[in-house]
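Analysis of the macromolecular model
Spelled out from the first residue to the last, the chains are:
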Amino acid sequence: MDLTNPKMFLQDIPTPEPETPFRPRQPYRFSTLCATVENPSQKDQYGSSSVPIYQTATFKGVNGQYDYTRSGNPTRSHLEHHLAKISSATHAFVVSSGMAALDTILRMLKPGDEVIAGDDLYGGTNRILAYLKTHGGVTVHHVDTTKPDTLLPYINPEKTAMVLLESPTNPLLKIVDLARIAADIKERAPNAVIVVDNTMMSPYLQRPLEHGADIVYDSATKYLSGHHDLMAGVITCNRDDLAKQMGFVINAAGNALTPFDCFLLLRGSKTLAIRMDRQQATSMLVAQMLDRLGFKVHYPGLAEHPNRDVHERIADGYGAVLSFTTGDKALSERIVGATRLWGISVSFGCVNSLISMPCVMSHASIDPATRAARGLPEDLIRLCVGIEDPADLLDDLERALLEAGAITLTAGGDSHQCYVRTIPSEGTAISRAVQKLAFNGSAEYTTEHNDDREWFVSAPGKVILFGEHAVVHGVTAVAASVDLRCYGVTTPRHDGKVSVHFIDIDSFTQEWKVDDLPWDVVTPVRVGDLHPDTLDHKLVDAITTRALSPEVLAKPSARQACIAFLYMYMIMAHGGKRPSFNFSARATLPVGAGLGSSASFSACAATALLLLYSRIQLPAQPAPTTDGHVHVSHEGRRAIPPALAEEVNRWAFVSEKILHGNPSGVDNSVSVFGGALSYTRPGFGRKAGMIPIQGFKSLKFLLTDSRIPRNTKQLVAGVAAMKEQEPEFVNGLLSAIQHISDEAQRALADPQLSRQTLLSALSALIDENHGYLVKLGVSHPSLEAIRSKTASPQYALSTKLTGAGGGGCAVTLVPDDLSESSLCELMASLSGDSFVPYLTSVGGSGLGILSPYNQPQLLATPPESPCESEARAGAVESLRDTFTGKATADLTAWADNLGRWLFV
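Residues numbered from 1 in each chain as written. Predicted model: local features only at pLDDT ≥ 70, side-chain atom pairs only at ≥ 80, totals over all residues. Heavy atoms only, no water.

1. Overview of the state of the cysteines
- Throughout the structure, instances matching the rule amount to zero disulfides.
- Cys 350 carries a free sulfur, and the closest cysteine sulfur to it, the one in Cys 384, is 9.8 Å from it. (Disulfide = S-S within 2.5 Å.)

Shown next as C-alpha cells:
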C-alpha cells in the first residue's frame, strides 16, 4: 500500500461552489478537511479563527437554539459538525468517553434481543456486554469475526438486533472483513444494526460507514485527540432514526462532552492526518526491525499478516499499534523496563510512544485461563508508536532489547557486526520448541527420536468440593485433583497410519492412513503461535464427514474423542512432520461420572502430541549428589516447569472445546496443574478467574459412583427456571453457598489450622452445602441413599453430591481416625447396593510424564506387522502391550513402578 500517494484520501464531501465553470473545484483531501473547521450555519459573530469555548451551563432567552449545555452547546456543535465531515457521516455525537459512546449505543437494545460480537474485543466492551447479558436479558454470541462464515449460524432475522465489530483488534491486530460481514447481515437480518469500534484506525485510515456499518464509534481519547489530555467518545451514523434514538439517550443521561473538552478535541483533530502519517510510517520501520530480528510480530503492514488483503481493501493505512512476542514473559518484562523513550502505560494514540504488556496491564483483569483460551500470549508486548524521530525510537528499542538479553551483537557473513535474536536460555516451551534443540543436550534423550519412542503420560481427574451448580450463577467453586488418573501411551507404527485405542469406551479402536486425512483444510498453528480463540470449524467438519465412518459417528463418546485427537494431531503438524503412531488411553477413574474424565483425557492426548511434535521439551536431569552438591529427591513433584504445563493446558482446553462446546477451563486446569483451585465465572460482580489454593493439604475422600445417568443440561436449566420463578429464594441459597466456598477456601489455605479442626470444619460445610443443593432440586434418590448410608451412626461421615448431580457421584470426607476395617465395611456395603466406591486422595500432583532418561525404549514399529515382530523378538516389550492388558486395579501400581515420573 502506497502511503505517500496524495490521491489516497479523497473525500466525496461538498466543498464551496466553483468560482468559474471552466475550472471546477475538486473535493478537499482529508488533511485539508481536518485542518479546516468551518460550519456555514454557525458563523462566529466576531470572525474568530478558532472556535470559542462557550463555557456556560445555561443560555438566556426563550425558544433559542441553545438553552442548557447538557442538551446543546455551540462549541460542541462545531465539533460534531467537524467530526461528521471527516467521518463520511450525516450525524455525529460526542460524549464523555469511548465507553460512554458504547453505552449510548447499547441502550437501544431491549430484553430478548441478540447481539453477535467478536471474541477478541476490548476488555471494557466485554465487561459491558457481560453486564447486559446478566442484567438486561440480552443474549450475546461471541464468535471469531475474522472468519465471516462463523457468524452465519447465529444470525436470526427476528432476534439479531446488533452486530458489534472491531478491526483491527487490540492487541493482536486481527483483521475483520467489515464490508463482507455487513453485506451478510443486511441480507439475512435487515433490521440488525451493525456497529464498529474504529478506535484503532480513526476516520483518517478507515471509515466503516463507507463499508456498510450503521454506527461507528471511537474513543476520541486516542488518535482523534492525540495528546492524552482529555477523555472523549465519538459516535457517527447516517441514519436519522438511529441518530434520534442516540441523541435522546445522550440528552437524557447527560453524558455529552463538556465545552472545554470539546475545544481540546477540536484542536487535536486538526492535526490527525499529519500525526497519523508520521506514526504509521515509524510503525512500519519498527515492525520491520522486529520481524527482521526473528520476533513474532503482529502488524497489518507486514506481508505475512493474516487477512492483510482484507485490511488493504477496507482501510487506507496500517495504523500505529503493533505487538510482538519474545517467547519468555520475564524477558518481555525486562524489555519493557529497559526502554527510556517508550513510556510504560496503557492506552494508545498519543503523540508520545508507549509500551506495555497487555496481560500484566490492560488485560490483567481477565483471568489467565481465559487469556490462554483466547490466544493472548503472556509474553506479548504492545507498542503504540508516537511522533518522535524514528531513529531515536528504533535506537531506544534496540538498546532495550540488547540490555534485556533479547538480542546480541555478532559478526555477519560480510564481517560486519549485526544484531541477532537470542533465544532465552530458560525460555518457555514455545521458545524451546522454536529452537528445536536436543533436550538440554542429554545424550540419552533428543528430539530426533520423539516419534521413535513410547511416551507414557497421565493426568488426574477432579472433584468439585463446593459450589457445583451454583457456579453457573456466579458462585465460586472449589475444585481439586484426585489420585484417580487417566493414562495415555503413544507407540510408534512407521507404517503411514495413525490409530487410537480407547479402552474405557468398549475397547474402541480406529486407524487412519495419515495421507488420507483432510489435510487440505488444515490451517496449522505454527510452533510459537497460540491456537485461535475459536475452533477451526471447517477442520472439525472435515474430520467428521471425511475421516469418521458411520460406525464411529454412531458412537457419541468415541466420535468426540476421535475428533479431538485428530484435530490436535493435524493442526499441530509443522515442518512436513506427520508421525505414524498409536495412542492408547484408559483411566482408573469412572468415565462420565462428573469426575473430569474427559479433561484428564484431553490433557494426556495434548501432552502426547506436543511431545511427538517436539513442541515441548522436558527439563534436564538434575545434577546427582556429590561431595559438593546435595540433590534432594522430590519424587518427581514440580519437575515439569510451569511454562510447559501452561502450553499443555492451552491445548487441553482446545480439546475440551471439541468435547464439550463451551467449557469453563476448570477441569483441564486441575488435570494439568493438580492441587486445588477456586473458580468464579465472569459477569457476576465478583473477581472472575481461577486462583490456586496455596498450601492445600492432601485429604482422603470416598468417591461413590451412583451409576445413574445424568442430564446435566436439564439440571442446569431446572435451577435457572427455579431462579426465574423464585428469585429471592434461589438467590438466598446461592449466597449461602458462596459463603461456604469462601469459608472452605480460607480453611484449606490456612497453614495454622490444625488438621482436626480442618476436617471438622470441612465436614460441617459439606453437610450444609448438600442441604442447599437438595433445595435447588439437583440431588437424586441414589445420592441420598449413599449419603444416608455414610451418615449412619457406625460411620457418621459427611457426604454431598459432586459434579452435576442428578445421579453422578457422591463425595464423602474420610477422617484420619476412621479405622480401615470400618472403611472396608462401608465400601463393601456400598458395592452391595450396586454403587461403585473409590478411595482416593484429593489435592495431589497434576500432569505426569514418565521420565525418558535411562528408560529402555522400543524404537521401532510395534507388532502390527508380523514380519517386523519376528525380527524384533529380542526387543524390549512394548509398554502398550502390557498397558492394554493390565487390570484396572493394578494399573496405577504398575505405572508407578516403571520408573521415575515427572509431575507438575
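After presenting the structure, the write-up continues.
2. As for the sheet that holds strand β4 (residues 160–166)
- Pairing within the open sheet is mixed, and its seven strands lie in the order β1-β7-β6-β5-β4-β2-β3. Sheet topology places β1 (91–95) and β3 (139–143) at the edges, where each strand pairs with a single neighbour. When the angles between neighbouring strand axes are averaged without regard to direction, this sheet yields 20°.
- The pairing of strand β2 (residues 114–118) with β3 spans five bridges and is parallel. Bridging from a neighbouring strand, Ala 117 pairs with His 142 of β3. (Pairing = 2+ DSSP bridges. Helix = DSSP H or I, 4+ residues; strand = E, 2+ residues; numbered from the N terminus. Axes fitted to C-alpha atoms, helices over the stretch in contact; angles between N-to-C directions.)

3. Considerations on the sheet that holds strand β10 (residues 343–344)
- Sheet architecture is open: five strands sit in the order β8-β9-β12-β11-β10, paired in mixed fashion. Each of the sheet's edge strands pairs with one partner strand only, and the pair in question is β8 (296–298) and β10.
- Sheet topology places β8 next to strand β9 (residues 321–325); three bridges connect them, and they run antiparallel. The residue bridging His 298 from the neighbouring strand is Ser 323, located in β9.

4. A look at unusual backbone geometry
- With omega at -5°, the peptide bond leading from Ser 167 into Pro 168 counts as cis.
- With respect to the secondary-structure elements, Pro 168 resides in the loop between β4 and α5 (178–188).
- In the segment running from Asn 170 into Pro 171, the intervening peptide bond is cis, with an omega of 15°.
- With respect to the helices and strands, the residue Pro 171 is situated in the loop between β4 and α5.

5. Brief notes about the environment of Pro 682
- Tracing the backbone shows Pro 682 in the loop between β20 (676–680) and β21 (689–692).
- With relative accessibility at 49%, the residue Pro 682 sits in the partly exposed group. (Buried < 20%, exposed > 50% of the residue type's maximum accessible area, 1.4 Å probe, protein only.)

6. Observations regarding the pairing of strand β24 (residues 809–813)
- Most of β24 is tucked away: five of the five residues are buried.
- Burial of the side chains of β24 extends over both faces: Cys 809, Val 811 and Leu 813 are buried on one face and Ala 810 and Thr 812 on the other.
- Looking at chain direction, strand β22 (residues 699–705) and β24 are connected through five bridges and run antiparallel. Counterpart to Asp 705 in the pairing with β24 is Cys 809.
- With four bridges joining them, strand β23 (residues 799–802) and β24 adopt antiparallel strand pairing. In the strand pairing of β24, Thr 799 is matched with Thr 812.

7. Section: helix α13 (residues 390–404)
- For α13, which comprises 15 residues, the first-to-last C-alpha distance of 21 Å matches the rise-based estimate of 21 Å (1.5 Å per residue) to within 8%.
- Where α13 is concerned, the buried positions are Pro 390, Leu 393, Leu 394, Asp 396, Leu 397, Ala 400, Leu 401 and Ala 404. Down the axis of α13, the buried side of the element spans an arc of 165°, and every buried residue falls inside it. Seen from the buried face of α13, the exposed residues on the opposite side, beyond 90 degrees, are Arg 399 and Glu 403.
- Positioned one or two residues after α13, Gly 405 has a phi angle of 90°, which is positive. (Expected span 1.5 Å × (residues − 1). Arc of directions from axis to C-beta.)

8. As for the side chain of Ser 97
- With respect to the element layout, Ser 97 can be found in the loop between β1 and α3 (98–106).
- Here Met 99 takes part through its backbone nitrogen, which lies 3.4 Å from a polar atom of the side chain of Ser 97. (Polar contact = N/O pair within 3.5 Å; in protein donor to acceptor, adjacent residues only side chain to side chain.)

9. Things to note about the pattern of salt bridges
- In the structure shown here, the tally under the stated rule is 30 salt bridges.
- The salt bridge partner of Glu 187 is Arg 188, with a shortest N-O separation of 3.7 Å.
- Classification of Glu 187 by relative accessible area gives exposed; the value is 62%.
- By relative accessible area, which is 33% here, Arg 188 ends up partly exposed.
- Between Asp 667 and Lys 462 there is a salt bridge, with the nearest N and O atoms lying 3.6 Å from each other. Taken together, the positions of Asp 667 in helix α20 (residues 666–673) and Lys 462 in strand β15 (residues 455–466) put the pair 205 residues apart, joining distant regions of the chain. (Salt bridge = Lys/Arg side-chain N within 4 Å of Asp/Glu carboxyl O.)

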